[in-house]
Amino acid sequence: WLRSLISLPILWIGQLLLNFNAAPAVPLLKAAWTVSGDTETGRQALTAVARLESTSKAYALATEWLAQNPNGVFAGAAGLMALELDRIEEAQQLLQRGHELGSDRFGSLEWLEFLIAERTNSGVEVARRLEQRRNLPPDLSCAVRTSLMFDALMDERFDEARQRAEALLDIENDSRAE
């Protein structure tokens, strides 16, 4: 925990700079990851690289970090970046690798699975399965519910679509309703 404590000022300054899209955020967040070894800090550093430099640089860094520190968080992050780069096959391999390594508490593997399914026309099946879970990140839960609402609309199941829309509005008005 000492390493985490030491990395906090670097992390906080890096996060602040990232909020302003300032380039120094990248080396600071990378340094915070190096010092702390915390996967959440590493994920934030990868996000900063993708946002402020390029997705391909972030993808290369994520795969490098995944090789050095195999875990579901980096597999999910690398997979999401591969998907953004239209490397669907690589994203599928990273999803499988992430499941082998164990889940991540940030939901990146679930997001990756959902987005791959959306791109490969099996989104509704995956959305139905994910809907049964109660531990999804709120943004993914809303995306899953929205996907199922549109599926109901397209299949002219209007009562179901209305119920899903009302449930989404309830969540929007009270995020604890998730």
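Look up a bit, the structure's there.
The model shown is predicted, which means the values in this text are computed figures rather than measured ones. (Residues numbered from 1 in each chain as written. Predicted model: local features only at pLDDT ≥ 70, side-chain atom pairs only at ≥ 80, totals over all residues. Heavy atoms only, no water.)

Trainee: I tried to follow the layout of surface pockets on my own but got confused; where do I start?
Mentor: The gaps left among the atoms become clear once a water-sized probe is rolled over them. In this structure, the largest pocket encloses a volume near 380 Å³. Lining the largest pocket are 13 residues, and of these R43, T47, A77, L80 and M81 lie nearest its centre. Broken down by secondary-structure element, the contributors of at least two residues to the lining of the largest pocket are α3 (39–52), α5 (72–84) and α7 (108–119). Counting residues per element, the lining of the largest pocket draws most heavily on α5, which supplies five residues. (1 Å grid on protein atoms, 1.4 Å probe; cavity = no way out; pocket = protein on both sides within 12 Å on 5 of 7 lines; lining within 4 Å. Points joined across faces, edges and corners; volume = space filled by probe spheres on them. Helix = DSSP H or I, 4+ residues; strand = E, 2+ residues; numbered from the N terminus.)

Trainee: What is the right way to read a nonpolar patch on the surface from this model?
Mentor: Among the surface-exposed residues, W1, L2, L5 and I6 lie close enough to one another that they form a single nonpolar patch of about 520 Å² accessible area. With respect to the helices and strands, the residue W1 is situated in the segment before α1 (2–19). Given a relative accessible area of 78%, W1 falls into the exposed group. (Patch = residues over 30% accessible without salt bridge, like charges linked within 9 Å, V, L, I, M, F, W, Y side chains within 5 Å. Areas by Shrake-Rupley, 256 points an atom, 1.4 Å probe, with all protein chains shown as cover. Salt bridge = Lys/Arg side-chain N within 4 Å of Asp/Glu carboxyl O. Buried < 20%, exposed > 50% of the residue type's maximum accessible area, 1.4 Å probe, protein only.)

Trainee: How do you make sense of the nonpolar core when you look at a structure like this?
Mentor: Across soluble globular proteins, nonpolar side chains show a tendency to be buried alongside one another. Counting residues in hydrophobic clusters, the biggest one holds 31 residues, and the most contacted among them are L46, W65, F74 and M81. Residue assignment for this core shows that the elements contributing at least two residues are α1, α2 (25–36), α3, α4 (55–68), α5, α6 (88–101) and α7. With eight residues, the top contributor of residues to this core is α5. Counting ten residues, the second largest nonpolar core, distinct from the first, contains F114, A127, L140 and V144. (Core = buried A, V, L, I, M, F, W, Y, C linked by side-chain atoms within 4.5 Å.)

Nothing here speaks to function; it is all geometry.
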